[in-house]
Every structure is written in structure tokens, then in C-alpha cells.
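Given next are the chains, with one letter for each unit.
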Amino acid sequence: MIVLLHGWSDRSESFKPLVRELGKLGLHDIVPIYLGDYVSMDDDVTFDDIVQAMQAAWKKAGLPTSPRSVDVIVHSTGALVIRHWMTARYKPKTNPVRRLLMLAPANFGSHLAHKGVSFLGRIVKGFKSDRLFHTGAKILRGLELASPYSWELARKDRFQPEVRWYGPGRVLTTVLVGTDGYGGISAAANTNGSDGTVLVSTANLDPAFVRFDFATTPSQPQMVMLDVNGRTAFCRIPKENHASIACKDDGPKHPATLQLIRQALQVDDAGFEAHCQALATLNAQHRRAEQGKAYTQGYQNMVIYVEDDHGRPVRDYFVEVFAKQAGKDAVDDRLTGIVQREVMASVHVNQVDSAFRSLKMNCDVLHDKLIRGMRPLYLSITAHPEIRDTGSVGYSTLAYNDIGSIRIDVNELGRIFSGDRTLFVQLVIKRMQAESLARFTQAAMT
């Protein structure tokens, strides 16, 4: 049995072309879930509401609930819904999902989610909401780049050391995402490294996590990197945009898309590793074919969260990535300029919590101009308030050489900066207190 789950602002009937194509592929028993076709565009609706409604709809439809008994296809925001539903309602061993095909998923957000009502309504959806000027505000907060919601969801299903949700014996997940944008008036939504609605990097469900500790020993900050627990398959597909990959708007456009969909819905535990490797090889071929085109270069979604050594969020900060002159402590202005202008393609401060930021990093440029040149990179952070200004409390994080900076050696750059992927970065800095902030004075005995 296959269940289809639509995304933000969509309707289940839009899957009819995909259902027809699945029928031609010999895949039957397509069961859409109807949550209320405009539910995601209601400003009052939360992800918790959708998940609860989905659970009720699942039971009402009499869908199987035994472990690994159902295959699921999701599009766009449907990826967040299914991941939230699985982690909130089930355990990895009791989860009813066996195969999960994600088409253009917004696993780690969309560059459009923070746009205003007028932009989303007119450019993206043409004011199709049943409630005028409603765009699903609470859903869009979770969809925004670097959202606390997607950070916490990733911690639940990707980075719990002893809890594996994906891979053989669990959910066999395949992510397919296009690399082409929209045409016509909708082209205003396009941005480099996207399918028009989601970034290729935010679609990939295999992120990485790195923690930089500036608090324990500020002059010698430490780096710890974690990989995900479990494995998913991923492939970027040329010519497809956010709609066409799901057989909408006269899609699919690429001759391999339907065959990849079929493979994702037929793979078994024994063949899943080979499936992942085959898609990785095809993905590399597609990247080489699109090499040199700015729109389709390999970008990384670098999500930064800063907290102090008390576990409190730090919301006013500036992260710098820079290069030094060979053999010297001085900043290399030329290479640093390349990093700031060409590698760091954009920065987005999350509107819900400014402790979270998203940096879109052009890893192709980084590789060509730094890694090939065997030059390390350095990372430092400046935060407010600065203790030397307040004289009471704050942070001592001032300039390139005032405190320690993280050195990322050349052999680590490729592991940390990888195109078509999200990297979660936790920075921990020390909050300092002046000695005069509190004191005890011994009283004289008379």
C-alpha cells in the first residue's frame, strides 16, 4: 500500500497525474490522505495540529499500523509532516512506514518561507487560500531557514546516538529534488541552488552536525563533528523544478525521474545500500553535467545556533569565516574577500529566534579557490554585549586575533563544507562576569 501526502498550500487532487504514472509503473493501491485541503494555509494551524489530524485520518481510513506495513510518498512540506508524525507517535521499531519517497522535500526549510504575505500569495500561489491573506503563518515558521523547529526535529530523527530511524530494518528513504527553477512570474521565487521552492541542500535528509566550543578554553576552541545515525538515498535531478518532479506542470521533465521513483518504491533492505550508492553515483554525474552553472552549483545550508556556557541562546552575534596569510597570523585579505563575496552566498537570520542563522555556502567556489590551493580556513565569533564595554557581564569575542579562532585544516574542509547538504553548527561561547559584579565583605566584630 502507498500513501500520498501533500505539502504546504497544496491539495491532494494535485497528485492525480502522479497516481496515473504510478499505475503505468505497475504500482497500485494509491491511498491519498485528506487532512482538509486548505489546512496548511490557515494561520491558526500548527504542525502538531496536522500530525494529530493525520493520525485521526489514518485510523479513520483503516490504514495499517503494524511495523513497516505502508509505503509513503511526500512532497515538499509533507516531509516535515511525516517526520514529525513518526517521531511523535511511534518508535523506530513500531513505525508503520517501510519505504519513504520524498519528492522535493523541505526537510530543513525553504528560502521562501519568510517572505511576506503579498509575495507568497501572488508570486508563489496566486492567493489560492480559502481564507484571504492567510498563508499558514505557524507552518511557515517551521519552514523558515534555520528554524528552531527543524533543528529540534533533526535532533530527534538524525542525531540521537542510540535511536536509528532510517536505513535497512527501518525506513528506506529516498530523496529526489530538482535543480531547475520556475518560469513566468513564479521565476521571482528562484534562487541559486534551488528548485524554485526548496534548496537542494535543505532537501537532503543526511545532514551533519558540528560543535565548536569557545567556552571551555577560549584561546584554544575545540571542534567535535557528528554524522547522522542511519542512511538515506539522495539524488539531484536536472530539468526538474519543485512541481514537475511530482508530475505536476507537465512533469516529469527528466527521462530518469519516473524510473528513480519506481526504484525507490521497490527497494528492499538487502538492496538499499546498493540503491544509495547508485543514486550517489548518478548524483555525481548530474553535478558534473551542471558544473559551471551558477544556478546549479553545490551549495551548503549552514545552520548556526549560538549559546553561552549556561545553555542560554545568544541572539546578537557575528560569525566570521576567513583565511590567513601563509605562515603568518595576519588575515589574507584577498582570500577572505573571496570567502565573504563568493563563498558566503547569503545569510538569513531566523525571524522567530535570531540565535539561529542560515548561511548558504558555495562549496564549489570554496573547493576551487581554497581547498585546491591547500589553504585552511578560520572561524571566529563576535557577540554582544562585550564585557570590556559593559564592565560587568558579556563576552570576550572581539577580533580575528583577540581570542582563539577555530582552524579548519584543508583535510577537514571537504568534510565540513559539502555541497547539497545541511550542516548544523552549534557554537558555545563563555559568558563572563566582572569580579566586581558580586562580592562579600567580612563584617567587623564589635
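Here the structure is a predicted model, which is why all the values come from computation and not from measurement.

Rules and cut-offs
Residues numbered from 1 in each chain as written. Predicted model: local features only at pLDDT ≥ 70, side-chain atom pairs only at ≥ 80, totals over all residues. Heavy atoms only, no water. Helix = DSSP H or I, 4+ residues; strand = E, 2+ residues; numbered from the N terminus. Contact = heavy atoms within 4.5 Å. Areas by Shrake-Rupley, 256 points an atom, 1.4 Å probe, with all protein chains shown as cover. Phe/Tyr/Trp six-rings, centres within 6.5 Å; stacked < 30°, edge-to-face > 60°. Buried < 20%, exposed > 50% of the residue type's maximum accessible area, 1.4 Å probe, protein only. Lys NZ or Arg CZ within 6 Å of the ring centre and 35° of its normal. Salt bridge = Lys/Arg side-chain N within 4 Å of Asp/Glu carboxyl O. Axes fitted to C-alpha atoms, helices over the stretch in contact; angles between N-to-C directions. Parallel < 35°, antiparallel > 145°, perpendicular 65-115°, else oblique. Left-handed = near helix turned anticlockwise from the far one by under 90°. Nonpolar A, V, L, I, M, F, W, Y, C, P; charged D, E, K, R; others polar. Pairing = 2+ DSSP bridges. Arc of directions from axis to C-beta.

Visitor: Which residues make up the overall build of the protein, and what values go with them?
Guide: Summing up its helical and strand segments, the protein has 13 helices and 17 strands in all. Across the protein, contacts joining residues at least 24 apart in sequence account for 78% of those joining residues at least 6 apart. When the accessible area of the protein is evaluated, it comes to approximately 19,200 Å², of which 49% is carbon and sulfur surface.

Visitor: Could you give an account of the packing of aromatic side chains, naming the residues involved and the relevant values?
Guide: Applying the stated criterion across every chain, the model contains 12 aromatic pairs. Seen in terms of ring centroids, F159 and F209 are 5.7 Å apart; in terms of plane orientation they differ by 55°. Their pairing is tilted. With F159 in the loop between α6 (148-157) and β5 (172-178) and F209 in strand β6 (residues 208-213), this pair connects stretches of sequence that are 50 residues apart. In this structure F159 comes out as buried when scored by relative accessible area, which is 13%. Exposure remark for F209: the relative accessible area of 10% places this residue in the buried category. One aromatic cluster in this structure is built from F108, W151, F159, F209, Y305, F356 and F424. Above the face of the F15 ring, K248 is positioned so that its terminal group lies 5.3 Å from the ring centre.

Visitor: Residue-level account of the pattern of salt bridges, with values.
Guide: Overall, the coordinates contain 17 salt bridges when judged by the stated rule. R83 is the partner of D157 in a salt bridge, and the nearest nitrogen-oxygen pair spans 2.7 Å. Linking D157 in helix α6 with R83 in helix α3 (residues 78-89), this pair joins segments that are 74 residues apart in sequence. The two residues D157 and R83 agree in class, both being buried.

Visitor: Any chance you could break down the packing of α3 against α6 for me, citing the residues and the numbers?
Guide: Viewed as axis vectors pointing N to C, α3 and α6 meet at an angle of 50°, and their least axial separation amounts to 11 Å. The angle between α3 and α6 places the two elements in the oblique class. Of the two elements, α3 crosses α6, and the hand of that crossing is left-handed. For the pair α3 and α6, the contacting residues are L80, R83, H84 and T87 in the first and Y149, L153, A154, K156 and D157 in the second. Across the contact of α3 with α6, the residue classes tally to four nonpolar, two polar and three charged.

Visitor: Outline the environment of D180, supporting the account with residue identities and numerical values.
Guide: Take D180: it is sitting in the loop between β5 and α7 (200-203). Spatially, the C-alpha atom of D180 lies 9.3 Å from that of N192, the residues being 12 residues apart in sequence. With residues up to four places along the chain from it excluded, the contact list for D180 reads S194, D195, G196, K239, E240, N241 and Y295.

Visitor: Quick one: what's the story with the sheet that holds strand β16 (residues 421-429), residue by residue and with numbers?
Guide: Taken together, six strands build an open sheet; the order of strands is β7-β6-β16-β9-β12-β11 and the sheet is mixed. On the outer flanks of this sheet lie β7 (222-227) and β11 (344-349), each paired with one strand and no other. Across the sheet, the axes of successive neighbouring strands diverge by a mean angle of 20°, strand direction being ignored. Across the sheet, α6 lies against β6, β9 (299-308), β12 (356-362) and β16, angled at about 100° from β16, the strand it touches most. Each of β11 and β12 touches helix α10 (residues 333-343); the most contacted strand, β11, lies at about 65° to it.

Visitor: Residues and numbers for helix α1 (residues 16-24), please.
Guide: Buried residues of α1: L18, E21 and L22, and no others. The buried side chains of α1 occupy one side of the element, clustering within an arc of 100° when seen end-on. More than 90 degrees from the buried face of α1, the exposed residues found are R20 and K24. G26 sits one or two positions beyond α1 and adopts a positive phi of about 85°.

Visitor: Describe the pairing of β16, naming the residues involved and giving the relevant values.
Guide: Here β16 lies mainly inside the structure; nine of its nine residues are buried. Across nine bridges, the pairing between β9 and β16 is parallel. Across the sheet, Q300 pairs through a bridge with R421, a residue of β16.

Visitor: Can you lay out the sheet that holds strand β13 (residues 377-383) for me, pointing to particular residues and giving the numbers?
Guide: Sheet architecture is open: three strands sit in the order β10-β13-β15, paired in antiparallel fashion. Every interior strand has two partners, whereas the edge strands, β10 (317-322) and β15 (406-408), have only one. Between one strand axis and the next, the sheet turns through 20° on average, direction left out of account. Pairing between β13 and β15: three bridges, direction antiparallel. Following the sheet pairing, L377 is matched in β15 by I408.

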